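Residue-level structural notes
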Amino acid sequence: MNGNVNPSFWHRKKVYLTGHTGFKGSWLSLWLSSMGAEVKGYALDPPTTPALFEVASVSSYLESEIGDIRALDKLTRSIKEFNPDILLHLGAQSLVLKSYEDPIETYTTNVMGTANVLQASRNLPNLKAIVSVTTDKCYENQEWVWGYRENEPLGGKDPYSSSKACAELVTSAFRHSFFTDPQGAQVATARAGNVIGGGDWTEHGLMADILRAFEQSKPVIIRNPLAVRPWQHVLEPLSGYLMLAEALYQEGEKFAEAWNFGPTEADCKPVNWILDHMVNLWGNGASWELDQQAKPHEARLLKLDSSKAAAHLGWTPQWRLESVLGNVVQWHQEWRASGNMAQRCLSDIAAYTKQI
């Protein structure tokens, strides 16, 4: 692999995308559309108000079906009718705090939802590649100072992390049980870091919380200011998913395994580093303070080792964190000024792809 997302490969490919109404799914929908892919999305209604899916008019760039991945019959009909070449599974309950509030929804969505997607994808005539997206939090966190590699033990102390470790196991079982034909669909999983970028209004998400507080001239209330996370712009892991899908499609089963797509060591920063930089970028008296209330368990230290993706896919991070934070503030201020956010996203995608 040459380390690039190849637009000519994606031109006219039929791509089925779960989770297209979410933050990452909306960015990926726009990127696929810009390369000439024929995209069908399947997901619940946008999870927030506002939502990037609506702000950037994403529905005008693809065929959109509102549905629940837990509804196996409906999902199966949808996938089979579309008959995709490639399937990208991003649909999930993606929040640690929400998993404490509703663990059953988290497990049914992330575990059974993943099983349903894989079951619905069996024996499709044109399908060659499935990328199932999990998370960096699927690893059994030992609070190590080094990054986790793909062969480290899976686990999770909170329901979200645990559910994603389970999704990895489900995917592995389906791969070895039902996707064994070297000429058929190949299945891989992708584990990314903490994504940030314009248009993220995720409940309890750090960037969304920061920008909401700044807009209201209130201090940001922070749970774990010393927690270290692998921060990265949303386009970084999305480029990894696209490159992995192309490798699965063209080169087959040797890529059908787990892959990390995380930032450089230098961009694994504590939350308070992010806050201080965002305060300086925003100005106007922006500030933050510590949440004094009792908090559920969240990992303090988490990093990914993405050397495998660099060696075998040619994938490496392109945008440094400090410039990404500036990009997020500019994007948000452009939205507040009623800018054309679809065009802003497409411009960011064009700028990113010039560097890879």
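The coordinates are above.
Residues numbered from 1 in each chain as written. Predicted model: local features only at pLDDT ≥ 70, side-chain atom pairs only at ≥ 80, totals over all residues. Heavy atoms only, no water.

1. Digging into the overall build of the protein chain
Helix and strand counts for the protein chain stand at 13 helices and 12 strands. By the compact-globule yardstick of 21 Å for 356 residues, the protein chain fits well, its C-alpha radius of gyration being 19 Å. Principal-axis analysis of the C-alpha atoms places the extent of the protein chain at approximately 60 × 45 × 40 Å. Going through the 356 residues of the protein chain one by one, you find that 58% of them count as buried. Within the protein chain, counting contacts between residues at least 6 apart in sequence, those at least 24 apart form 81% of the total. Put simply, the protein chain shows about 14,500 Å² of open surface, and 48% of that area lies on carbon and sulfur atoms. The positive charge centre, built from 32 side chains, and the negative charge centre, built from 39, are 2 Å apart in the protein chain. (Helix = DSSP H or I, 4+ residues; strand = E, 2+ residues; numbered from the N terminus. Rg over C-alpha atoms; globule rule 2.2 N^0.38 Å. Buried < 20%, exposed > 50% of the residue type's maximum accessible area, 1.4 Å probe, protein only. Contact = heavy atoms within 4.5 Å. Areas by Shrake-Rupley, 256 points an atom, 1.4 Å probe, with all protein chains shown as cover. Lys, Arg positive; Asp, Glu negative; His and termini not counted. Charge placed at Lys NZ, Arg CZ, Asp CG, Glu CD.)

2. Comments concerning the packing of aromatic side chains
Taken as a whole and judged by the stated rule, the model has 16 aromatic pairs. For the pair F9 and W10, a centre-to-centre distance of 5.1 Å together with 90° between the ring planes defines the contact as edge-to-face. Exposure class is identical for F9 and W10. Each is buried. Cluster of aromatic residues (ring-pair linked, three or more members): Y139, W144, W146 and Y148. The ring of F9 has K13 sitting right over it, with the charged end atom 4.2 Å from the ring centre. In this arrangement the basic side chain of R122 is found over the ring face of F178, its NZ or CZ atom lying 3.9 Å from the centre. (Phe/Tyr/Trp six-rings, centres within 6.5 Å; stacked < 30°, edge-to-face > 60°. Lys NZ or Arg CZ within 6 Å of the ring centre and 35° of its normal.)

3. Quick notes on the sheet that holds strand 9 (residues 228-233)
Taken in spatial order, the three strands of this open sheet run 7-9-11, and their pairing is mixed. Where the open sheet ends on each side, the last strands, each with one partner, are strand 7 (194-196) and strand 11 (268-270). The sheet shows a mean angle of 50° between the axes of neighbouring strands, direction not considered. Of the pairings in the sheet, the one linking strand 7 to strand 9 comprises three bridges and is parallel in character. Each residue of the ladder has a partner; that of I196, found in strand 9, is H233. (Pairing = 2+ DSSP bridges. Axes fitted to C-alpha atoms, helices over the stretch in contact; angles between N-to-C directions.)

4. What to know about the environment of D136
Relative to the helices and strands, D136 is located in the loop between strand 5 (129-133) and helix 7 (159-178). On the basis of relative accessibility, which here comes to 0%, the residue D136 falls in the buried class. For the pair D136 and E38, spaced 98 residues apart in sequence, the C-alpha separation works out to 29 Å. Leave out the neighbours within four places in its chain, and D136 touches R191, A192, G193, N194, P230, L302 and L304.

5. A closer look at helix 4 (residues 72-82)
Inspection of helix 4 places L75, T76, S78, I79 and F82 among the buried residues, and these make up the whole buried set. Along the long axis of helix 4, the arc covered by the buried residues comes to 165°, so they all point the same way. Exposed positions of helix 4 whose direction lies more than 90 degrees from the buried face are D73 and E81. In this fold, the buried residues of helix 4 make contact with strand 1 (14-18), strand 2 (38-43), strand 3 (63-66), strand 4 (86-89) and helix 6 (103-120). N83 sits one or two residues past helix 4 and shows a positive phi near 55°. (Arc of directions from axis to C-beta.)

6. Topic: the nonpolar core
Formed by 79 residues in total, the largest nonpolar core has its most connected members in W10, W27, L32, L88, L244, I274 and L313. Not counting the four nearest positions on each side in its chain, I274 is found in contact with L206, M207, I210, W231, L321 and L325. Grouped together as the second largest cluster of nonpolar side chains are 20 residues, Y16, I69, L75 and L118 included. (Core = buried A, V, L, I, M, F, W, Y, C linked by side-chain atoms within 4.5 Å.)

7. Quick look at the pairing of strand 1
In terms of burial, strand 1 is a largely internal element, four of the five residues being buried. Bridge count for strand 1 against strand 2 is five bridges, and the pairing is parallel. By the bridge assignment, T18 is partnered in strand 2 with Y42. Tracing the backbone out of strand 1, into helix 2 (residues 23-34) and back to the parallel element strand 2 gives a crossover that is right-handed. Where strand 1 and strand 4 come together, four bridges link them in parallel fashion. Considered in strand 4, the bridge of L17 is made with L88. (Right-handed = clockwise from strand over helix to strand, strands pointing away.)

8. Quick word on the pattern of salt bridges
Applying the stated criterion to the full structure yields 15 salt bridges. Across the pair D68 and R70 runs a salt bridge, and its minimum N-O distance is 2.8 Å. Taking the relative accessible area as the measure of exposure, R70 reaches 34% and is therefore partly exposed. In this structure, the salt-bridge partner of R336 is E215, at a minimum N-O distance of 3.5 Å. Residue R336 is located in helix 12 (residues 321-336), and its partner E215 is located in helix 8 (residues 206-215); the two are separated by 121 residues in the primary sequence. Note on E215: relative accessible area 31%, which makes it partly exposed. Residues joined in a network through salt bridges with shared partners are K40, E63 and E65. (Salt bridge = Lys/Arg side-chain N within 4 Å of Asp/Glu carboxyl O.)

9. Side note on the packing of helix 8 against helix 12
Remark: helix 8 packs on helix 12, axes separated minimally by 12 Å, with the N-to-C direction vectors making an angle of 50°. In terms of their interaxial angle, helix 8 and helix 12 are classed as oblique. Considering the relative orientation of helix 8 and helix 12, their crossing is right-handed. Mapping the contact onto sequence places M207, L211 and E215 in helix 8 and L325, V328, H332, W335 and R336 in helix 12. (Parallel < 35°, antiparallel > 145°, perpendicular 65-115°, else oblique. Left-handed = near helix turned anticlockwise from the far one by under 90°.)

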